[in-house]
Amino acid sequence: MILCDIGNTNASFFDGRRVWNLTIDEFMAYEPTEKIYYINVNDKAEQKLLNHLFIDISSYIKLNSTYIGLGIDRAAACYAINNGLIVDAGSAITLDLMANGCHIGGFIIPGISTTLKSLQNISPRLNLPLNTNIDLDCLPQRTQDAISYGIIKPIVSLISDFSSQKTIYFTGGDGEFLSRFFNQSLYDKMLIFRGMQRAINENKEILC
């Protein structure tokens, strides 16, 4: 069985053993030879998904939530967790709170790479790499550290506001990096796939 999570920039696949990625342009040229169970947030991919081998499982992810407009990728990640804070850190960072199997709510902020690019557009002098070893307890004394502090500190502070005594589940490209700032954290790159797998297991008679 192959699962596919189609995002804004990449399509990620999981076949039960390994994960691999295609850019959206590569995905548009991809021709499946077996069933692909997918979720999708990319309008550009809709035409491609008319192929009968692509099976949309979005409607089977029945998350208990009153949130209007929740992305199916966020819903799938939440579907894998009963209790805790879920942080998906990509080009955007989403935070969602789960309690006793219920989605309490969440929010979206720009991701690290997105914020870096926006600063670079302001001035070439701000075109500096992130210092991943930045000390968040000290005010910076050079521009690279000032940029890094200004990006990372607000993200860490926002997560901290909602993380009291809760396990934080990080996923996404920057999830492993951000998880270093928290003691009660777990990095799980398979989180969305685990939510998708749960939905399939609960509906095997229909989907398989």
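Fair warning: this is a prediction, and the values are worked out from it, not measured in the lab.

Caption draft 1: The arrangement of empty space enclosed by the protein in detail. Enumeration according to the criterion identifies one cavity of 30 Å³ or more in this entry. As for the largest cavity, its lining consists of Ile 93, Leu 95, Phe 107, Ile 109, Ile 155, Leu 158 and Ile 159. For the lining of the largest cavity, the secondary-structure elements that each account for two or more residues are β8 (92-99), β9 (102-110) and α4 (143-161). The element that contributes the greatest number of residues to the lining of the largest cavity is α4, accounting for three residues.

Caption draft 2: The arrangement of the sheet that holds strand β5 (residues 54-56) in detail. In spatial order, the strands read β3-β2-β1-β4-β5; together these five strands make up an open sheet with mixed pairing. In this open sheet, the two strands that pair with only one neighbour each are β3 (19-23) and β5. Direction aside, neighbouring strands of the sheet carry axes that sit 30 degrees apart on average. Two strands pair when backbone bridges link them, and strand β2 (residues 10-14) and β3 are joined in this way by five bridges, in the antiparallel orientation. What sits directly across from Ser 12, in β3, is Asn 21. Contacting β1 (2-6), β2, β3 and β4 (36-40), helix α6 (residues 191-202) runs over the sheet at an angle of about 125 degrees to β1.

Caption draft 3: Quick peek at the pattern of salt bridges. Enumeration according to the criterion identifies eight salt bridges in this entry. Across the salt bridge formed by Arg 74 and Asp 96, the nearest N and O atoms sit 2.6 Å from each other. Pair noted here: Arg 74 is in helix α2 (residues 72-79) and Asp 96 is in strand β8, with a separation of 22 residues, a long-range link. Taken individually, Arg 74 and Asp 96 each receive the classification buried, so the pair is uniform in this respect. Salt-bridge contacts for Arg 194 lead to Asp 188; the nearest nitrogen and oxygen are separated by 2.7 Å.

Conventions we followed
Residues numbered from 1 in each chain as written. Predicted model: local features only at pLDDT ≥ 70, side-chain atom pairs only at ≥ 80, totals over all residues. Heavy atoms only, no water. 1 Å grid on protein atoms, 1.4 Å probe; cavity = no way out; pocket = protein on both sides within 12 Å on 5 of 7 lines; lining within 4 Å. Points joined across faces, edges and corners; volume = space filled by probe spheres on them. Helix = DSSP H or I, 4+ residues; strand = E, 2+ residues; numbered from the N terminus. Pairing = 2+ DSSP bridges. Axes fitted to C-alpha atoms, helices over the stretch in contact; angles between N-to-C directions. Contact = heavy atoms within 4.5 Å. Salt bridge = Lys/Arg side-chain N within 4 Å of Asp/Glu carboxyl O. Buried < 20%, exposed > 50% of the residue type's maximum accessible area, 1.4 Å probe, protein only.

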